[in-house]
Amino acid sequence: MGGMGKTTLVKKVYDDPEVIKHFKACVWVTVSQFCKIEELLIDLAQKLFSEIRRPVPEGLEIMCSDKLKMIIKDLLQRNRYLVVFDDVWHVCEWQAVKYALPDNNCGSRIMITTRKSDLAFTSSIESNGEVYNLQPLKEDEAWDLFSRKTFHGHSCPSHLIDICKYILRKCEGLPIAIVAISGILATQDKRRIDEWDMVCRSLGAEIQGNSKLDNFKTVFNLSFNELPYYLKYCFLYLSIFPEDHLIQRMRLIRLWIAEGFIEAKEGKTKEDVAEDYLKELLNRNLIQVAGTTSDGRVKTLRIHNLLREMIILKSKDQNFTAIIKEQNVAWPEKIRRLSMHSTLPHRQQQRSVSQLRSLLLFGVVENLSLGKLFPGGFKLLSVLDFQDAPLKKFPIAVIDLYHLRYLSLRNTKVKMVPSHIIGKLHNLETLDLKKTSVRELPVDMLKLQKLRHLLVYQFKVKGYAQFCSKYGFKAPLEIGNLQSLQKLSFVEANQGGGTIILQLGKLSQLRRLGIIKLREEDGKAFCSSIERLTNLRTLSVTSEGSSKPCTT
């Protein structure tokens, strides 16, 4: 992560007299974010000639990269050298210079600092080197650095200890953050705890307006500006989540897809592409793994607190997301994404949200009514996330949301899904009803042919038996219409004498399947159906009865 202290650590080694004495030539090359290979090689060559006290060849500035590599290699062939490449951003830069640096068996060394995990791994494998991953400062180390920078050798006043430790926790052991915030606090009146409390409560404003944090902002901006456009949207989207919130990996992926940030590529589903994007953000150390599954897969993610503040500022500048944490906060004129944390706005604070595309609630404990909250409506809404909200009934207002692609009522008190509403959501891709009291889904669900993720715990489709009887089907055929479905959780196989399993084979995109109450006599048909599910990755089955399992 930027600001962890990579350059500082390497500089301490590079400047050490014992190290300098050991090498014939020591050269430090700072790699700019958008440097050209020829410029990098010219810079390296010029510094080497200067270090070895030899004249720079004429025309060096206009030589091609191959010629430059030959000159550098010849220069270093018989010398013990130390070369540092600081802040390398791209693998291609390492690929370009590595052939110019001979392995001359003289005890030479190369050091690279980078924010990219894949670059570190690649360069170390090729050169039989070592990767040293810097970790955040331990609590005692962080306190020592904070105290030295804030109180200049004096101890922290007793009445400021608690607030200082709280501020330090927000830094999460990141040296550049500790030093930057210490610079602000060092100028505060140590008798005025209210001034220190103000800094604590308004770190976002401090980052935006305090010149003492410019270095921290620069480090962040380098990482952000280097992101390709498609990752910038995904990264800014992290601003919707509250501080210290553990982000579920699959929830984030489904939200990205619903927002339109992800496009399928040849041979890859949208989910596959989103997974690649997530890995890239992890590789760039812009997001951290918070928890993993028993088999090592990423389960939850988190963002560094101060990095989150920077994301919020970027998001606000670009009118990407509006975050409401207080009832009296002024809203932007045009809102595309709205994230409410812990509170709902007063009715007099409401304004037109006709352009709203996404609405997400976190930690809201007040009773919800979309009609009262937004009387003007928001017919363009594509994401509605009520997870953990105090919701007792299915929100009737969604009946007008033709563009809705993502609806989460997870961990609410909703008990039923109205048939006349759900059948109208023709563009719905994700319906998350986990940890609700919903146990039956209306047959109109089968009209949702764009549905990709259906998350419900132990349910059956209401009206299946009547549907089959009415049209003379031996088994329900309509489940096969949901051909976009990728996740089907805990569906009851035995439904009113009919069975759903004969049509599972039509769900060619299905990746995760949970079946309960599978009858012994349906075992062979079930095996035959899932044999055609070539994209299936996760399967959970429970059976009915105590007879021997069938074989096929």
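Notes on the structure in this doc start here. Only a predicted model underlies this, so the values are computations on that prediction, with no experimental measurement involved.

Parameters and conventions
Residues numbered from 1 in each chain as written. Predicted model: local features only at pLDDT ≥ 70, side-chain atom pairs only at ≥ 80, totals over all residues. Heavy atoms only, no water. Helix = DSSP H or I, 4+ residues; strand = E, 2+ residues; numbered from the N terminus. Buried < 20%, exposed > 50% of the residue type's maximum accessible area, 1.4 Å probe, protein only. Contact = heavy atoms within 4.5 Å. Pairing = 2+ DSSP bridges. Right-handed = clockwise from strand over helix to strand, strands pointing away. Core = buried A, V, L, I, M, F, W, Y, C linked by side-chain atoms within 4.5 Å. Arc of directions from axis to C-beta. 1 Å grid on protein atoms, 1.4 Å probe; cavity = no way out; pocket = protein on both sides within 12 Å on 5 of 7 lines; lining within 4 Å. Points joined across faces, edges and corners; volume = space filled by probe spheres on them. Phe/Tyr/Trp six-rings, centres within 6.5 Å; stacked < 30°, edge-to-face > 60°. Expected span 1.5 Å × (residues − 1). Axes fitted to C-alpha atoms, helices over the stretch in contact; angles between N-to-C directions. Salt bridge = Lys/Arg side-chain N within 4 Å of Asp/Glu carboxyl O.

**Brief notes about unusual backbone geometry**
Alright, step 1. Residues other than glycine seldom take positive phi values, yet N319 does so here, at roughly 50°.
Alright, step 2. Along the chain, N319 falls in the loop between α16 (305-317) and β7 (322-324).
Alright, step 3. In this structure, D388 is a non-glycine residue whose phi angle is positive, near 70°.
Alright, step 4. Checked against the element boundaries, D388 lands in the loop between β10 (383-385) and β11 (406-408).
Alright, step 5. Owing to a relative accessible area of 42%, D388 belongs among the partly exposed residues under this scheme.

**Focus on the environment of V31**
Alright, step 1. Structurally, V31 is set in the loop between β1 (25-30) and α3 (37-52).
Alright, step 2. Each C-alpha atom, one on V31 and one on V84, is 9.8 Å from the other, the two residues being 53 residues apart in sequence.
Alright, step 3. Not counting residues up to four positions away in its chain, the partners in contact with V31 are L40, F85, D86, D87, V88, W89 and E93.

**Digging into the pairing of strand β19 (residues 512-518)**
Alright, step 1. For β19, the buried fraction is high: 5 of the 7 residues fall into the buried class.
Alright, step 2. Where β19 and strand β20 (residues 538-543) come together, 5 bridges link them in parallel fashion. Paired with R512 across the bridge in β20 is T538.
Alright, step 3. The parallel pair β19 and β20, bridged by helix α20 (residues 523-530), forms a crossover whose chirality is right-handed.

**Structural notes on the pairing of β1**
Alright, step 1. Burial runs high along β1: 5 of the 6 residues are buried.
Alright, step 2. Taken together, the 6 bridges between β1 and strand β2 (residues 81-88) define a ladder with parallel strand orientation. What sits directly across from T30, in β2, is D86.

**Some points on the sheet that holds strand β6 (residues 298-302)**
Across a sheet, paired strands are connected by hydrogen bonds in the backbone, their directions being either parallel or antiparallel.
Alright, step 1. If you trace the 3 strands from one edge of the open sheet to the other, you get β4-β6-β5, paired in antiparallel fashion. What marks the edges here is a single partner per strand, and that holds for β4 (247-248) and β5 (288-292).
Alright, step 2. The sheet contact formed by β5 and β6 spans 4 bridges and is antiparallel. Residue G291 lies in a different strand from β6, and its bridge partner there is T300.

**A word on the nonpolar core**
Alright, step 1. Judged by nonpolar contacts, the single largest core of 62 residues is most densely connected at F235, Y237, L252, W256 and I262.
Alright, step 2. When residues in this core are grouped by element, the largest group, 7 residues, is from helix α14 (residues 249-259).
Alright, step 3. Not counting residues up to four positions away in its chain, the partners in contact with W256 are C234, Y237, F261, I262, A274, Y277, L278 and L281.
Alright, step 4. I324, L407, L431 and F526 belong to the second-largest nonpolar core, a separate cluster that totals 51 residues.

**Comments concerning helix α1 (residues 6-14)**
Alright, step 1. Taken as a whole, α1 has its buried residues at K6, V10 and Y14. Buried residues along α1 cover an arc of 60° about the axis, so they all sit on one side. Opposite its buried face, α1 presents the exposed residues T8 and K12, each directed more than 90 degrees away.
Alright, step 2. Buried-residue contacts for α1 involve α2 (17-22), β1, β2 and β3 (109-114).

**Things to note about the layout of surface pockets**
Alright, step 1. Empty space within the largest pocket amounts to approximately 1400 Å³.
Alright, step 2. What lines the largest pocket is a set of 44 residues, among which I112, A120, E130, V131 and Y132 lie closest to the centre.
Alright, step 3. Only α1, α5 (91-98), β3 and α6 (117-126) provide two or more residues apiece to the lining of the largest pocket.

**Side note on the packing of aromatic side chains**
Alright, step 1. For the coordinates displayed, the defined rule picks out 9 aromatic pairs.
Alright, step 2. When the ring of Y14 is compared with that of W28, the centres are 5.2 Å apart and the planes differ by 75°; the resulting orientation is edge-to-face. Of this pair, Y14 sits in helix α1 while W28 sits in strand β1, placing them 14 residues apart in sequence. The residues Y14 and W28 share a single accessibility class, namely buried.
Alright, step 3. The interplanar angle of 80° and the centroid separation of 5.6 Å between the aromatic rings of Y237 and F261 together place this pair among those described as edge-to-face. With a gap of 24 residues between them, Y237 in the loop between α13 (229-236) and β4 and F261 in the loop between α14 and α15 (270-283) connect regions that are remote in the sequence.

**Quick look at helix α7 (residues 139-151)**
Alright, step 1. Between its first and last C-alpha atoms α7 spans 17 Å; for 13 residues at 1.5 Å apiece the expected length is 18 Å, and the two agree.
Alright, step 2. Where α7 is concerned, the buried positions are A142, L145, F146, S147, T150 and F151.
Alright, step 3. In the segment just after α7, H152 is the residue with positive phi, at about 50°.

**Focus: the sheet that holds β2**
Alright, step 1. Read from one edge to the other, the open sheet built from 3 strands follows the order β1-β2-β3, with strand pairing classed as parallel. Taken across any chain shown, the strands that pair with only one partner, and hence form the sheet edges, are β1 and β3. If you compare each strand with its neighbour and ignore which way they point, the axes differ by 10° on average.

**Looking at the pattern of salt bridges**
Alright, step 1. Applying the stated criterion across every chain, the model contains 15 salt bridges.
Alright, step 2. Between D15 and K11 there is a salt bridge; the shortest N-O distance is 2.7 Å.
Alright, step 3. According to the relative accessible area criterion, D15 is partly exposed, its value standing at 40%.
Alright, step 4. Here K11 falls in the partly exposed class, since its relative accessible area comes to 34%.
Alright, step 5. As a salt-bridge pair, R452 and E271 come within 2.7 Å of each other at their nearest N and O atoms. Of this pair, R452 sits in the loop between β13 (440-442) and β14 (453-455) while E271 sits in helix α15, placing them 181 residues apart in sequence.

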